[in-house]
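# Residue-level structural notes
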Amino acid sequence: GAVVSQHPSWVICKSGTSVKIECRSLDFQATTMFWYRQFPKQSLMLMATSNEGSKATYEQGVEKDKFLINHASLTLSTLTVTSAHPEDSSFYICSARARLAGAYEQYFGPGTRLTVT
Amino acid sequence: GENVEQHPSTLSVQEGDSAVIKCTYSDSASNYFPWYKQELGKRPQLIIDIRSNVGEKKDQRIAVTLNKTAKHFSLHITETQPEDSAVYFCAASIRNSGGGADGLTFGKGTHLIIQP
């Protein structure tokens, strides 16, 4: 149980275009999902917390108008990178919070590799 | 906000030896400390976690210790095997009594290399 998927797994786009990344919890409902960004050979950095039915909470330094998050259902959160630039190229990973065996855990999606040319 | 420091950045050990990775955190309110293993290009995989009401937890060859007073926690891997080679991340977050948790603050990672 607690499978999280992401789509697409990789995407290449031109500078100035927008890209939408989907994060789905396949076998459970997630009221809270998290979006992380990971640059090559670096750690994961929390970008925002996505709550179903309400506005996302962004971490300091993350532009909410550039990284649009929508959590319209209990199984889907989307991250849209607007007006992408080469410096936005990164590995974007979502996680969903689930309670299994009595304990809450975060389950990570497989990640989406974004390359902006 | 929370700040998590992790050392060393690279650790090379002989197969069969033990490996220890250490982390410190800054926010005394943090009470949940997971460890993740990440292979190149893949998602992080939770390998063990510890909550602040526990000082030590063990799962086969993996153990984690927590010192809340000093605000540090460590991962211990014994009898290392080639498949243990990966990047390991420690993390910290705040978990409330209802089970909800803040997003994770990660350490910078340790590249563990198991020499055959």
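Above this text is the structure in question.
Because the structure is predicted, anything quoted here is derived from the model rather than measured.

Right, let's get into the state of the cysteines. All chains considered together, the criterion is met by 2 disulfides over all chains. Here Cys23(A) pairs with Cys94(A) through a disulfide, and the sulfurs are 2.0 Å apart. The chirality of the disulfide connecting Cys23(A) with Cys94(A) is right-handed, given an S-S dihedral of about 80 degrees. Of the two residues, Cys23(A) is situated in strand β3 (residues 19-25) and Cys94(A) in strand β9 (residues 90-100); the sequence distance between them amounts to 71 residues. The class of Cys94(A) is buried, set by a relative accessible area of 0%. Paired by a disulfide, Cys23(B) and Cys90(B) hold their sulfur atoms 2.0 Å apart.

Residue position: Tyr107(A) is located in strand β10 (residues 103-108). The exposure class of Tyr107(A) is partly exposed, given its relative accessible area of 22%.

Of note, the amide linkage connecting His7(A) to Pro8(A) takes the cis form, showing an omega dihedral of 0 degrees. The topology assignment puts Pro8(A) in the loop between β1 (4-7) and β2 (10-13). The step from His7(B) to Pro8(B) runs through a cis peptide bond, and the omega angle for that step is -5 degrees. Mapped onto the elements, Pro8(B) comes out in the loop between β1 (4-7) and β2 (10-14). With a phi close to 60 degrees, Lys41(A) is a non-glycine residue in the positive phi region. Residue position: Lys41(A) is located in the loop between β4 (32-38) and β5 (44-51). Classification of Lys41(A) by relative accessible area gives exposed; the value is 89%. Phi at Lys71(B) takes a positive value of approximately 60 degrees, unusual for a residue other than glycine. By the secondary structure assignment, Lys71(B) is in the loop between β7 (62-67) and β8 (72-77).

Cut-offs applied
- Residues numbered from 1 in each chain as written.
- Chains lettered and ligands numbered in written order.
- Predicted model: local features only at pLDDT ≥ 70, side-chain atom pairs only at ≥ 80, totals over all residues.
- Heavy atoms only, no water.
- Disulfide = S-S within 2.5 Å.
- Helix = DSSP H or I, 4+ residues; strand = E, 2+ residues; numbered from the N terminus.
- Buried < 20%, exposed > 50% of the residue type's maximum accessible area, 1.4 Å probe, protein only.

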